[in-house]
Amino acid sequence: MPRCIRVPKKEGEFIRARLADADLLDKRHKIRADGDFLEIPVLCDSFEEYESHESEAEEREIRPADYKEILDFPDWLAEELPNSYDIIGDVALIKLSDTLLPYKEQIGNALIEASPSIRAVMLDDGVKGELRVRKLEKIAGTGSSETVHKEFGTKIATDPSLVYYNPRLAGERARTALEVKKDEVIIDMFAGVAPFPMVISKLARPKIIYAIDLNPEAERFMKRNIELNDANCVVPIIGDARDAVEDLPPADRIIMNLPQSSEEFLNLALSSAKSGATIHLHRVLERSELDDFVSAIVDKARSEGYDIRISRTSELKTYSPTMSVYVFDIVKN
Ligand SMILES: C[S@@+](CC[C@H](N)C(=O)[O-])C[C@H]1O[C@@H](n2cnc3c(N)ncnc32)[C@H](O)[C@@H]1O
């Protein structure tokens, strides 16, 4: 019998999205409603405060359209095929091992045949450089990598070959948005195409959200997203957060989604945070170094004269066999 977690219906979509972000949703079984609760099939023993248990869940029909079945590769090759890939809007991004590269067009075409909502398939060489942009090569389909992705009722225009956007953070964006109180002043220091500001302006009532990014390509996508979502409280700023933040008013909430080096900017964020403000700091870390990292940022902040506490630590996704991406909610006392 599959394992499920039992969550109140009103939390359902929020938890489902967070499970999907973490690749812990059991997609082979269907979600079942039971009164005011949902039984959500999972691939883990527990998720946040929810323990999993054996539960009835109907099996999803295995679609003959699964791209691996369409390819019908011999076992030695089929076992190299990725189980997951990202879909942003109508564009699929897939990473392939060297062994699979000679078959890239075949694999791309199979993905389109399996999921007709996919317009183009891009071979993804991973996120690179300070601007966190992907090197993409079209291997099947039509058009460019520019697309519009739907996330929690918002529309996010983006092009992963020009600007950073990660659909797997949808659950974290919704969680952050649900914490926002009316009339907050918010700074998103590393906003990309501004998905955090879009989801926050959709789900909450902030006064203003400053969306900063270094990448000049981000500007037109931020502006388009403001239009697409009527997010008139969002102010795009193109430039280095080091310079931009100093000109902004004190904030109630600061988002720091720069997982490779966010702590280098923590002092700057603390200097712009009101007393009682929350800073959401994202960081990729060796799992074994989590405690040391927390002690180091608290000690460093104290040595700079800031009294802070970490109100929440959450593992957002696995980054490598030994590393994960974490978010720390830091409260400035
Ligand atoms: C991991 S991405 C986060 C994007 C966005 N928050 C999201 O959820 O899709 C980090 C972003 O920070 C930007 N960036 C890097 N260094 C920066 C700096 N010094 N100041 C402002 N933005 C910067 C990059 O261009 C990139 O778009």
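Within every chain, residues take consecutive numbers counted from 1 along the sequence as written. Residue-level local features of this predicted model are given only where pLDDT is at least 70; pairs of side-chain atoms are given and counted only at 80 or more, and the full residue set underlies all totals for whole chains, interfaces and linings. For the side-chain quantities, the full set of heavy atoms in the structure was used; hydrogens and water were omitted.

Student: Can you walk me through the overall build of the protein chain in this structure?
Tutor: Across its full length, the protein chain holds ten helices and 19 strands. For this measure, only C-alpha atoms enter the radius of gyration; the expected value for a globule follows 2.2 Å times N^0.38, where N is the number of residues. Its C-alpha radius of gyration of 21 Å places the protein chain within 12% of the 20 Å reference for a compact globule of 333 residues. Seen along its three principal axes, the alpha-carbon backbone of the protein chain occupies a region of about 60 × 45 × 40 Å. Entry remark: accessible area of the protein chain is about 16000 Å², with carbon and sulfur atoms responsible for 48%. Between the centroid of the 45 positive side chains of the protein chain and the centroid of its 61 negative side chains there is a distance of 4 Å. Labels follow the DSSP assignment, with helices taken as runs of H or I lasting at least four residues and strands as runs of E lasting at least two, numbered in each case from the N terminus. Only the protein chains shown count as cover for residues, with accessible areas throughout obtained via the Shrake-Rupley method and a probe of 1.4 Å. None of His or the chain ends enter the tally, which takes Lys and Arg as positive and Asp and Glu as negative. Every charge is mapped onto a representative atom, which is NZ of Lys, CZ of Arg, CG of Asp or CD of Glu.

Student: Honestly, the environment of Ser161 in this entry has me stumped. Any pointers?
Tutor: Within the secondary structure, Ser161 sits in the loop between strand S12 (154–158) and helix H5 (170–179). Exposure remark for Ser161: the relative accessible area of 26% places this residue in the partly exposed category. Taking the C-alpha atoms as reference, Ser161 lies 25 Å from Arg18; in sequence the two are 143 residues apart. Residues within four places of Ser161 in sequence aside, it is in contact with Val133, Arg134, Leu136 and Ser145. Exposure is judged per residue with a 1.4 Å probe applied to protein chains only, and the accessible area is read against the type maximum: over 50% gives exposed, under 20% gives buried, and values in between give partly exposed. Residue contacts are counted whenever heavy atoms from the two residues lie within 4.5 Å of one another.

Student: What is the right way to read the sheet that holds strand S6 (residues 53–54) from this model?
Tutor: Adjacent strands of a sheet pair through backbone hydrogen bonds, lying either parallel or antiparallel. With respect to topology, four strands assemble into an open sheet ordered S2-S3-S1-S6, the strand pairing being antiparallel. The strands lining the two open edges of the sheet, one partner per strand, are strand S2 (32–34) and S6. By definition, two strands form a pair when at least two bridges between them are found by DSSP.

Student: I tried to follow the site of the ligand on my own but got confused; where do I start?
Tutor: By convention in these notes, a residue is near a molecule or strand provided one of its non-hydrogen atoms lies within 4 Å of it. Near the ligand lie 22 residues; those nearest to it are Arg173, Phe190, Asp213, Ala241 and Asn257. Contact distances for the ligand include 2.9 Å between a nitrogen atom and a backbone N or O atom of Phe190. Polar contacts, as counted here, are pairs of nitrogen or oxygen atoms within 3.5 Å of one another; within protein the pair requires one atom able to donate a hydrogen and one able to accept it, and residues that are adjacent in sequence qualify only if both atoms are side-chain atoms. Between a nitrogen atom of the ligand and a main-chain N or O atom of Leu214, the distance comes to 3.1 Å. For the ligand, the accessible surface in isolation is 600 Å², of which the surrounding protein chains cover 98%. Looking at the shell around the ligand residue by residue, the classes come out as 13 nonpolar, four polar and five charged. Think of it as three bins: nonpolar holds Ala, Val, Leu, Ile, Met, Phe, Trp, Tyr, Cys and Pro, charged holds Asp, Glu, Lys and Arg, and polar takes everything else, Gly as well.

Student: In this structure, what is going on with the packing of helix H1 (residues 12–21) against H5? I would like to understand it.
Tutor: Two packed helices can be described by the angle between their axes and the distance between those axes. Contact pair H1 / H5: the axes reach a minimum separation of 7 Å and the direction vectors enclose 140°. Classed by the angle they form, the pair H1 and H5 counts as oblique. Of H5, the residues touching H1 (which contributes Phe14, Ala17, Arg18 and Asp21) are Ala170, Gly171, Glu172, Ala174, Arg175 and Leu178. Considering only residue class, the contact of H1 with H5 consists of five nonpolar, one polar and four charged. As a rule, the C-alpha atoms of each element are fitted with a line to give its axis, helices using only the stretch in contact, and angles between N-to-C directions run from 0 to 180 degrees. When describing relative orientation, an angle under 35 degrees is termed roughly parallel and one over 145 degrees roughly antiparallel, while 65 to 115 degrees is termed roughly perpendicular and anything else oblique.

Student: Teacher, can you tell me more about the pairing of strand S17 (residues 273–286) here?
Tutor: Taken residue by residue, a regular strand's side chains alternate between the two faces of the sheet. Where burial is concerned, most of S17 is hidden: ten out of the 14 residues are buried. Summarising the sheet, strand S16 (residues 251–256) and S17 pair through five bridges and their orientation is parallel. Across the sheet, Met256 pairs through a bridge with Leu281, a residue of S17. One crossover worth recording links S16 to the parallel S17 by way of helix H9 (residues 266–272), and it is right-handed. The sheet contact formed by S17 and strand S19 (residues 323–332) spans nine bridges and is antiparallel. Each residue of the ladder has a partner; that of Val284, found in S19, is Val325. Look down the strands so they point away from you; if the path from the first strand over the helix to the second goes clockwise, the crossover is right-handed.

Student: Looking at this model, I keep getting lost on the sheet that holds S17. Mind explaining?
Tutor: Pairing is mixed across the open sheet formed by seven strands, whose spatial order is S15-S14-S13-S16-S17-S19-S18. Looking along the sheet, the strands with just one partner apiece sit at the ends: strand S15 (234–238) and strand S18 (308–318). The mean angle between the axes of side-by-side strands here comes to 15°, regardless of whether they run parallel or antiparallel. Two elements, strand S13 (residues 185–188) and strand S14 (residues 208–213), share four bridges in a ladder whose sense is parallel. Note that in S14 the partner of Val185 across the bridge is Ile208. Of the strands in this sheet, S13, S14, S15, S16 and S17 are in contact with helix H6 (residues 195–203), which crosses S14 at around 165°. Together, S14 and S15 form the strand contacts of helix H7 (residues 218–228), whose direction differs from that of S15 by roughly 175°.

Student: I keep staring at empty space enclosed by the protein and nothing clicks. Help me out?
Tutor: Space left empty within the atom packing is revealed by a probe, the size of a water molecule, rolled over the atoms. Detection works on a 1 Å grid of protein atoms alone, calling trapped sets that fit a 1.4 Å probe cavities and calling open sets with protein on both sides within 12 Å along at least five of seven lines pockets, with lining residues defined by an atom within 4 Å of a point. Grid points are joined across faces, edges and corners, and a volume is the space filled by probe spheres set on the points. Counted by the stated rule, this structure contains one cavity of 30 Å³ or more. Volume-wise, the largest cavity comes out at about 80 Å³. Every residue along the wall of the largest cavity is listed here: Arg18, Asp21, Ala22, Phe47, Arg168, Leu169, Gly171, Glu172, Glu315, Leu316 and Lys317. Going through the elements one at a time, H1, H5 and S18 are the ones with two or more residues in the lining of the largest cavity. No other element matches the three residues that S18 contributes to the lining of the largest cavity. Of the residues that constitute the lining of the largest cavity, the class distribution is four nonpolar, one polar and six charged. Residues lining the lining of the largest cavity come from more than one domain, with at least three contributed by each of domain 1 (3–54) and domain 3 (163–332). Note that the domain bounds were set by an automatic or database domain assignment.

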